[in-house]
Amino acid sequence: GENVEQHPSTLSVQEGDSAVIKCTYSDSASNYFPWYKQELGKRPQLIIDIRSNVGEKKDQRIAVTLNKTAKHFSLHITETQPEDSAVYFCAASKRYSSASKIIFGSGTRLSIRP
Amino acid sequence: NAGVTQTPKFQVLKTGQSMTLQCAQDMNHNSMYWYRQDPGMGLRLIYYSASEGTTDKGEVPNGYNVSRLNKREFSLRLESAAPSQTSVYFCASSGQGVFGYTFGSGTRLTVV
């Protein structure tokens, strides 16, 4: 089955700097790659996603890139702010017409230093 | 505007006791999922239901059973709780054409 590896497990950056989180996946048939943000004590929330027919997607300060050949995808956060502090999860799935069984990475705890 | 509702929010069980975690969604989603979240291990899929009347095992199904009661409700049962099942449990749902999940607020379960 699918396996998703995520690095680093913790990341501390100065406010205003950029943060990058990297993931790899094992199943070449995976075609959907969401990213979730989880604040302390809260539920995971979808922040951005990318499908396999796209190499890059951007939403304001957040961008995701996908390299299908290498089976790598990354989350980039620019101009980091205190509210970006959270745990971020990458994930992968084979999305067809039925259930998208999403497999998650182990998470990255991002801390923004003032 | 409830989305995905989980009950209870907190529960303490003794080893060997049984309980059922309830999940209901009001978004007319076809698919529902149960995950557990342990520190440093992310979210691991326990069981899922692609549509009403179907259920399938995920990554860590041992010790659990599920029931898709109808399109709205998907319950998770622990028949004989063990300390290793201490975790935060999240229910989620997704619909046709909706790629991402909507998560419930979670159930924090402690087995002593």
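To be clear, the structure that these remarks concern was listed above.
Figured I'd write up the structure that's included with this text. Keep in mind the model is a prediction, meaning the values are calculated, not measured. (Residues numbered from 1 in each chain as written. Chains lettered and ligands numbered in written order. Predicted model: local features only at pLDDT ≥ 70, side-chain atom pairs only at ≥ 80, totals over all residues. Heavy atoms only, no water.)

On to the pattern of salt bridges. Considering all chains together, one arrives at eight salt bridges over all chains under this definition. A cluster of three or more residues bridged by salt bridges with shared partners is formed by Lys37, Glu39 and Lys42 of chain A. (Salt bridge = Lys/Arg side-chain N within 4 Å of Asp/Glu carboxyl O.)

Residue and element names in this part refer to chain A. Reading across the sheet, the five strands line up as S1-S3-S8-S7-S6 and stay open at both edges, with antiparallel pairing between neighbours. The two strands at the open ends of the sheet, each matched to only one other strand, are strand S1 (4–7) and strand S6 (56–59). Neighbour-to-neighbour, the strand axes of this sheet turn through a mean angle of 15°, independent of strand direction. Where S1 meets strand S3 (residues 19–25), four bridges bridge the pair, whose relative direction is antiparallel. Opposite Glu5, over in S3, you have Thr24 as the bridge partner. (Pairing = 2+ DSSP bridges. Helix = DSSP H or I, 4+ residues; strand = E, 2+ residues; numbered from the N terminus. Axes fitted to C-alpha atoms, helices over the stretch in contact; angles between N-to-C directions.)

Turning our eyes to something else, we now look at the packing of aromatic side chains. Summed over the entire model, instances satisfying the criterion amount to 16 aromatic pairs over all chains. Taking the centre distance of 6.4 Å and the plane angle of 90° together, the rings of Phe89 of chain A and Phe104 of chain A count as edge-to-face. Highlighted residues: Phe89 of chain A in strand S9 (residues 86–92) and Phe104 of chain A in strand S10 (residues 103–104), separated in sequence by 15 residues. Of the residues examined, Phe104 of chain A reaches a relative accessible area of 6% and is grouped as buried. On the numbers, 6.2 Å between centres and 55° between planes, the contact of Tyr35 of chain B with Phe103 of chain B is tilted. Here Tyr35 of chain B, found in strand S4 (residues 31–37), pairs with Phe103 of chain B, found in strand S10 (residues 102–103); they are 68 residues apart in sequence, far enough to count as distant. You can call Tyr35 of chain B buried: its relative accessible area is 0%. Every member of this aromatic cluster is reached through a ring pair, and the members are Tyr36, Phe89 and Phe104 of chain A together with Tyr33, Tyr35, Tyr48, Phe90, Tyr101 and Phe103 of chain B. (Phe/Tyr/Trp six-rings, centres within 6.5 Å; stacked < 30°, edge-to-face > 60°. Buried < 20%, exposed > 50% of the residue type's maximum accessible area, 1.4 Å probe, protein only.)

Turning our attention to the layout of surface pockets. Of the volumes computed, that of the largest pocket is approximately 710 Å³. The wall of the largest pocket is formed by 31 residues, among which Gln38, Leu40, Gly41 and Arg109 of chain A together with Gln37 of chain B lie closest to the centre. Contributing elements (two or more residues each) for the lining of the largest pocket: S9 and strand S11 (108–113) of chain A together with strand S9 (87–94) and strand S11 (107–111) of chain B. For the lining of the largest pocket, the per-class residue count stands at nine nonpolar, 15 polar and seven charged. (1 Å grid on protein atoms, 1.4 Å probe; cavity = no way out; pocket = protein on both sides within 12 Å on 5 of 7 lines; lining within 4 Å. Points joined across faces, edges and corners; volume = space filled by probe spheres on them. Nonpolar A, V, L, I, M, F, W, Y, C, P; charged D, E, K, R; others polar.)

All names here are of chain B. Here Gln25 is to be found in strand S3 (residues 19–25). Of the polar contacts made by the side chain of Gln25, one reaches the backbone oxygen of Lys71; its length is 3.0 Å. Setting aside anything within four residues of it in sequence, one finds Gln25 in contact with Gly3, Val4, Met32, Arg68, Lys71, Arg72 and Ser93. (Polar contact = N/O pair within 3.5 Å; in protein donor to acceptor, adjacent residues only side chain to side chain. Contact = heavy atoms within 4.5 Å.)

Moving on: the nonpolar core. Membership of the largest hydrophobic core comes to 24 residues, with the highest contact counts inside it found for Val4, Trp35, Phe73, Leu75 and Leu110 of chain A. Where this core is concerned, the elements lending two or more residues are strand S2 (10–14), S3, strand S4 (32–38), strand S5 (45–51), strand S7 (62–67), strand S8 (72–77), S9 and S11 of chain A. With residues up to four places along the chain from it excluded, the contact list for Val4 of chain A reads Cys23, Thr24, Tyr25, Phe73, Cys90, Ala92, Ile103, Phe104 and Gly105 of chain A. In terms of nonpolar packing, the next biggest core, distinct from the first, is built from 19 residues, Ile46, Tyr47, Phe74 and Ala81 of chain B among them. (Core = buried A, V, L, I, M, F, W, Y, C linked by side-chain atoms within 4.5 Å.)

The next point concerns the sheet that holds strand S7 (residues 64–68) of chain B. All names here are of chain B. The strand order across the open sheet built from four strands is S1-S3-S8-S7, with neighbouring strands paired in antiparallel fashion. The two strands at the open ends of the sheet, each matched to only one other strand, are strand S1 (4–7) and S7. Here the strands of the sheet are splayed against their neighbours by 15° on average, with no regard to which way each runs. Here five bridges tie S7 to strand S8 (residues 74–78), and the two strands are oriented antiparallel to one another. Residue pairing for S8: Tyr64 is matched across the bridge by Leu78.

Note that every value here comes from positions in space, so none of it alone points to a role or purpose.
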